[in-house]
Amino acid sequence: MKRALYRRRRFWDRLFLSLCVAAAVFGLGWLALILGSLISEGAAGLSPTLFTEMTPPPGATGGLANAIVGSLFMDALAVAAGTPIGIMAGSYLAEYGRHTRIALPVGFVNDILLSAPSIIVGLFVYEVVVVRMGHFSAWAGAASLMVIVIPVVVRTTENMLLLVPSGLREAAAALGAPRHWVIRTVTWRAARAGIVTGVLLAVARISGETAPLLFTSLNNQFWSTDLNQPMANLPVTIFNFANSAYEELHRLAWAGALLITLAVLALSILARLLESKRSTT
């Protein structure tokens, strides 16, 4: 009886293990195909001119210098504005509002924003910012990306702070330290690696967002660092070039997609390293 039960359990265990491995291999196989196609097509477009020349008109040659700079500008603005808001909101949920009535609706709204389609965010910022300004601008593009950054940082900050042992807070409070001092010097420091990981994940999230920028910053074929005007960016440039009928623009689109992918992979690896360092310490 015991042997039959053991054999039956071993059969089901091996069956489910095989199904899990097959599912993992299936997913990794599609990822390998996507990355393989991206590398084979995008590597051909990598050259010094990609970083030194502006986006070309149809039928001409050029690079992605203005699109790269525009994406860096808007991503930097979005992260610089969204990170403090996200950290403060996450700190409130973890430190002050954990047992209050307002914590539940705030967390619920943050989860909605976290999973909201980016095109909805773009339409919202278009109505709130672009329509009232009367024109597209890099400010509007950065605002749409900021709305995407905030919920990611909020959720990560809250989760990381909740992992900090309560004994650290109690020890600091027992020495007479005020609560804001405890948060700044004890809990934030203990969760620093996890919070930085959340910021890096937010950067990776907004790096390839196209829909919000289509409704806010639009695009610009020329070099422009004026934040009050439409600004070139990699996602919209890739979208436009991919829909073009010219092979040279297709090559630039593949190269731009490879650049974004490499940047996101680098940020993901960096986030993993920081997370492993936090777990070790």
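Structure: see above.
Just so we're clear, the structure is a prediction, and the values are computed from it rather than from any experiment. (Residues numbered from 1 in each chain as written. Predicted model: local features only at pLDDT ≥ 70, side-chain atom pairs only at ≥ 80, totals over all residues. Heavy atoms only, no water.)

Chemist: Please clarify how the nonpolar core should be interpreted in this entry.
Modeler: Most often, soluble globular proteins have nonpolar side chains that are buried together. In terms of nonpolar packing, the biggest core is built from 33 residues, with Leu-145, Val-149, Val-153, Ala-191 and Ile-206 touching the most fellow members. Mapped onto this core, the elements with two or more residues apiece are α3 (65-96), α5 (118-133), α6 (138-162), α9 (192-207) and α12 (247-280). Considering every element that reaches this core, the biggest residue donor is α6, with 10 residues. Once you skip the residues sitting within four places of it in the chain, Val-153 turns out to touch Thr-83, Gly-86, Ile-87, Gly-198, Val-199 and Ala-202. Core analysis: the second largest hydrophobic core is formed by 14 residues, Leu-234, Ile-238, Ala-255 and Leu-259 among them. (Core = buried A, V, L, I, M, F, W, Y, C linked by side-chain atoms within 4.5 Å. Buried < 20%, exposed > 50% of the residue type's maximum accessible area, 1.4 Å probe, protein only. Helix = DSSP H or I, 4+ residues; strand = E, 2+ residues; numbered from the N terminus. Contact = heavy atoms within 4.5 Å.)

Chemist: Explain helix α11 (residues 234-242) here, please?
Modeler: In an α-helix, one turn spans 3.6 residues; hence positions three or four apart end up facing the same way. For α11, the complete set of buried residues consists of Leu-234, Pro-235, Val-236, Thr-237, Ile-238 and Phe-241. Between the side-chain oxygen at the start of α11 and the backbone nitrogen of Val-236 there is a gap of 3.0 Å, and the oxygen is on Asn-233. (Polar contact = N/O pair within 3.5 Å; in protein donor to acceptor, adjacent residues only side chain to side chain.)

Chemist: What should I look at first to understand the packing of helix α7 (residues 166-174) against helix α8 (residues 179-190) in this one?
Modeler: A pair of packed helices is captured by two measures, namely the crossing angle of their axes and the spacing between those axes. Interaxial distance between α7 and α8 falls to 10 Å at its minimum, and their mutual angle equals 155 degrees. Overall, the two elements α7 and α8 adopt an arrangement that is roughly antiparallel. In this structure, α7 crosses over α8, and the sense of that crossing is right-handed. Contacts from Leu-168, Arg-169, Ala-172 and Ala-173 in α7 reach Val-182, Val-186, Thr-187 and Ala-190 in α8. Along the lines of polarity and charge, the residues of the contact of α7 with α8 split into six nonpolar, one polar and one charged. (Axes fitted to C-alpha atoms, helices over the stretch in contact; angles between N-to-C directions. Parallel < 35°, antiparallel > 145°, perpendicular 65-115°, else oblique. Left-handed = near helix turned anticlockwise from the far one by under 90°. Nonpolar A, V, L, I, M, F, W, Y, C, P; charged D, E, K, R; others polar.)

Chemist: Explanation requested: a positive patch on the surface in the structure shown.
Modeler: Positive charge collects at one region of the surface, where Arg-3, Arg-7, Arg-10 and Arg-14 lie side by side. Within the secondary structure, Arg-10 is located in helix α1 (residues 2-42). Take Arg-10: its relative accessible area is 34%, and that puts it in the partly exposed class. (Patch = residues over 30% accessible without salt bridge, like charges linked within 9 Å, V, L, I, M, F, W, Y side chains within 5 Å. Areas by Shrake-Rupley, 256 points an atom, 1.4 Å probe, with all protein chains shown as cover. Salt bridge = Lys/Arg side-chain N within 4 Å of Asp/Glu carboxyl O. Lys, Arg positive; Asp, Glu negative; His and termini not counted. Charge placed at Lys NZ, Arg CZ, Asp CG, Glu CD.)

Chemist: So what exactly am I meant to see when it comes to the side chain of Asn-233 here?
Modeler: Relative to the helices and strands, Asn-233 is located in the loop between α10 (211-215) and α11. Taking relative accessible area as the criterion, Asn-233 reaches 0% and is therefore assigned buried. A distance of 3.3 Å separates the side chain of Asn-233 from the side chain of Ser-217, its partner in a polar contact. Among the polar contacts made by the side chain of Asn-233, one reaches the main-chain amide nitrogen of Val-236 at a distance of 3.0 Å. In contact with Asn-233, other than residues within four places in its own chain, are Ala-67, Ser-71, Met-74, Leu-213, Ser-217, Leu-218 and Asn-219.

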